[in-house]
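Geometric and topological summary
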Amino acid sequence: FFVDELRFLARAYGARQEPRYREAFERGLAYILKAQYPTGGWPQLYPPGSQYHRHITFNDNSMVRILRFLRDVGTAGTYDFVPKERRAAARRAFERGIECILRCQIEVDGVRTAWCAQHDERDLSPRKGRSYELATLSGAESVEIVRLLMSIEDPGPEVVRAVDAA
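Residues numbered from 1 in each chain as written. Predicted model: local features only at pLDDT ≥ 70, side-chain atom pairs only at ≥ 80, totals over all residues. Heavy atoms only, no water.

1. Points about unusual backbone geometry
- Here the amide bond leading from Tyr-46 into Pro-47 is cis, since omega sits at -5 degrees, within 30 degrees of zero.
- With respect to the secondary-structure elements, Pro-47 resides in the loop between helix H2 (19-35) and strand E1 (56-57).
- Positive phi is not limited to glycine here, since Asp-109 has a value of about 55 degrees.
- For Asp-109, the location among the structural elements is in the loop between strand E2 (107-108) and strand E3 (111-112). (Helix = DSSP H or I, 4+ residues; strand = E, 2+ residues; numbered from the N terminus.)

2. Some remarks on the packing of helix H4 (residues 84-104) against helix H5 (residues 139-150)
- Contact geometry for H4 and H5: axes closest at 12 Å, N-to-C directions at 130 degrees. On the basis of the axis angle, H4 is oblique to H5. Considering how the two elements wind past one another, H4 and H5 form a crossing that is left-handed. Residues Phe-94, Ile-98, Ile-101 and Leu-102 of H4 form the contact with H5, whose own contacting residues are Ile-145, Leu-148 and Leu-149.
- Tallied by class, residues from the contact of H4 with H5 come to 7 nonpolar, no polar and no charged. (Axes fitted to C-alpha atoms, helices over the stretch in contact; angles between N-to-C directions. Parallel < 35°, antiparallel > 145°, perpendicular 65-115°, else oblique. Left-handed = near helix turned anticlockwise from the far one by under 90°. Contact = heavy atoms within 4.5 Å. Nonpolar A, V, L, I, M, F, W, Y, C, P; charged D, E, K, R; others polar.)

3. Remarks on the environment of Pro-126
- Mapped onto the elements of the fold, Pro-126 is located in the loop between strand E4 (118-119) and H5.
- It is 9.6 Å that separates the C-alpha atoms of Pro-126 and Gln-105, two residues lying 21 residues apart in sequence.

4. With respect to H5
- The end-to-end C-alpha separation of H5 is 16 Å, in line with the 16 Å expected for 12 residues at 1.5 Å each.
- Residues of H5 that are buried in the fold lie against helix H3 (62-75), H4 and helix H6 (157-165). (Expected span 1.5 Å × (residues − 1).)

5. Thoughts on the nonpolar core
- Membership of the largest hydrophobic core comes to 48 residues, with the highest contact counts inside it found for Phe-25, Trp-42, Phe-69, Leu-70, Ile-98, Ile-101 and Leu-149.
- Of all elements in the fold, only helix H1 (3-16), H2, H3, H4, H5 and H6 reach the threshold of two or more residues within this core.
- It is H4 that contributes the most residues to this core, 9 residues altogether.
- Those residues within four positions of Phe-25 in sequence are excluded, and the remaining contacts are Leu-6, Leu-9, Ala-10, Phe-69, Val-73, Tyr-79, Phe-81 and Val-82. (Core = buried A, V, L, I, M, F, W, Y, C linked by side-chain atoms within 4.5 Å. Buried < 20%, exposed > 50% of the residue type's maximum accessible area, 1.4 Å probe, protein only.)

Okay, structure coming up:
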């Protein structure tokens, strides 16, 4: 997803107050919110199709980047131009995304570990990506997930457990 471009549009709107920048930003935000699965994750591409792109994607920090963006939209002054109901929707989407992350954490012999690069969009089980991307624990993506979880102010006990376990 194109969150860096949306951040740029928000800054451009802040600097120039051009309605076209705000409108483009709002369309992009709507696209991200629409793409979120009921389980709280996002596909690699939207609409997702039937191949591996449909899986919830932590690969390349895709979901982490979306969640950081949504948290900022919901809370940062840069996004004060966004209507209150859309900012609230961004905060809710962030919370659902965090819940998805917590549910995707892999357990081995009853012990929580890390995350895979892709997870099933329905049952959250590990899934392979391209033919050479097996369903295995992913160190790089797990590091960024943990960093995101650690950045949550006043985290609940589930978040603390997930970070400690990882």
